[in-house]
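# Structure at a glance
One letter stands for each residue in the lines below.
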Amino acid sequence: AQRVTQPEKLLSVFKGAPVELKCNYSYSGSPELFWYVQYSRQRLQLLLRHISRESIKGFTADLNKGETSFHLKKPFAQEEDSAMYYCALSAPDNYGQNFVFGPGTRLSVLP
Amino acid sequence: KAGVTQTPRYLIKTRGQQVTLSCSPISGHRSVSWYQQTPGQGLQFLFEYFSETQRNKGNFPGRFSGRQFSNSRSEMNVSTLELGDSALYLCASSWTGGGANVLTFGAGSRLTVL
């Protein structure tokens, strides 16, 4: 069965410090992995996905199949990065769509 | 273009009642999926519809059901409400629902069961 874990419920860092939000998954095939973010009073929205290999708002994430991880990183945190971050997995060989979300990590960037 | 629209945004029901929530996807999106979000359980997948057919279902009791119409709009229904059904119900749409498709979420319908 697919599973996504995010070990930290809350992560607090100071502005300008590096950030790493951890995500590990269990899935026997080749998954599609995503990071979704929910800012205060806003809708849940896509931050980035591994297939695009892009950097969004300074965030990057690398899929490590050996460690089954998809950690989200940013070298210098900003206060506006404070939000709830969810790692999500979708199995592309499933018929239809069945995203599995991790429990989420609340990032608090302190001034 | 208009985003995913969910109605109603807030509702209060009592135990034993039933509730119907509505979701209008982004124009052109044919896949609609539903999630339950609670502080304790996080985001949990309920079901996904594509071309009026339920393709995937999460691990929820049969009291939770849904349907999709020919215009891709979707409804979900919860019968015989329980206190534990209090949650934010999120709808998300995507083009075809394939594994790599990006989900676009609505603002949610917050259900409180008293």
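Presented here is a report on the structure given in the accompanying data block.

The rules behind each value
Residues numbered from 1 in each chain as written. Chains lettered and ligands numbered in written order. Predicted model: local features only at pLDDT ≥ 70, side-chain atom pairs only at ≥ 80, totals over all residues. Heavy atoms only, no water. Salt bridge = Lys/Arg side-chain N within 4 Å of Asp/Glu carboxyl O. Buried < 20%, exposed > 50% of the residue type's maximum accessible area, 1.4 Å probe, protein only. Helix = DSSP H or I, 4+ residues; strand = E, 2+ residues; numbered from the N terminus. Pairing = 2+ DSSP bridges. Axes fitted to C-alpha atoms, helices over the stretch in contact; angles between N-to-C directions. Contact = heavy atoms within 4.5 Å. Buried area = accessible area lost by both parts, 1.4 Å probe. Polar contact = N/O pair within 3.5 Å; in protein donor to acceptor, adjacent residues only side chain to side chain.

## Description of the pattern of salt bridges
- The tally for this structure, following the rule as stated, stands at eight salt bridges over all chains.
- Note that B:Glu48 is salt-bridged to B:Arg55, the shortest N-O span being 2.8 Å. For the residue pair B:Glu48 and B:Arg55, the accessibility class agrees, reading buried in each case.
- For B:Arg63, the salt bridge goes to B:Glu82, with nearest N and O atoms at 3.6 Å. Here B:Arg63 is found in the loop between β6 (53–57) and β7 (64–68), whereas its partner B:Glu82 is found in the loop between β8 (74–78) and β9 (87–94), with 19 residues between them in sequence.
- The network of salt bridges with shared partners includes A:Glu20, A:Lys22 and A:Lys73.

## Some points on the sheet that holds β8(B)
Residues and elements named next belong to chain B.
- One open sheet holds the four strands; their spatial order is β1-β3-β8-β7, and the pairing between them is antiparallel. Both outer strands of the open sheet, β1 (5–7) and β7, are each paired with one neighbouring strand and no more. Strand-to-strand twist in this sheet, taken as the mean axis angle between neighbours without regard to direction, amounts to 15°.
- Relative to strand β3 (residues 19–24), β1 runs antiparallel, the two sharing three bridges. Across the sheet, Thr 5 pairs through a bridge with Ser 24, a residue of β3.

## Remarks on the interface of chain A and chain B
- Taken together, the contact between chain A and chain B spans 18 residues of the former and 22 residues of the latter.
- Around 1,800 Å² of area is buried between chain A and chain B when both sides are counted, 53% of it from carbon and sulfur atoms.
- Linking chain A to chain B there are zero salt bridges.
- Inspection of the chain A/chain B interface yields four residue pairs in polar contact (both at pLDDT 80 or more).
- Listed by contribution, the elements that provide at least two residues to the side of chain A that touches chain B are β5 (32–38), β6 (45–49) and β9 (83–90) of chain A.

## Some points on the pairing of β3(B)
- Here five bridges tie β3(B) to β8(B), and the two strands are oriented antiparallel to one another. Note on β8(B): the bridge partner recorded for B:Leu21 is B:Met76.

## Notes on the side chain of A:Thr105
Residues and elements named next belong to chain A.
- Within the secondary structure layout, Thr 105 lies in strand β11 (residues 105–110).
- On the basis of relative accessibility, which here comes to 0%, the residue Thr 105 falls in the buried class.
- Of the polar contacts made by the side chain of Thr 105, one reaches the side chain of Gln 6; its length is 3.5 Å.
- There is a polar contact of 2.6 Å between the side chain of Thr 105 and the backbone oxygen of Glu 8.
- Contact partners of Thr 105, with chain neighbours within four places excluded, come to Gln 6, Glu 8, Lys 9, Leu 11, Leu 21, Ala 83, Met 84 and Tyr 85.

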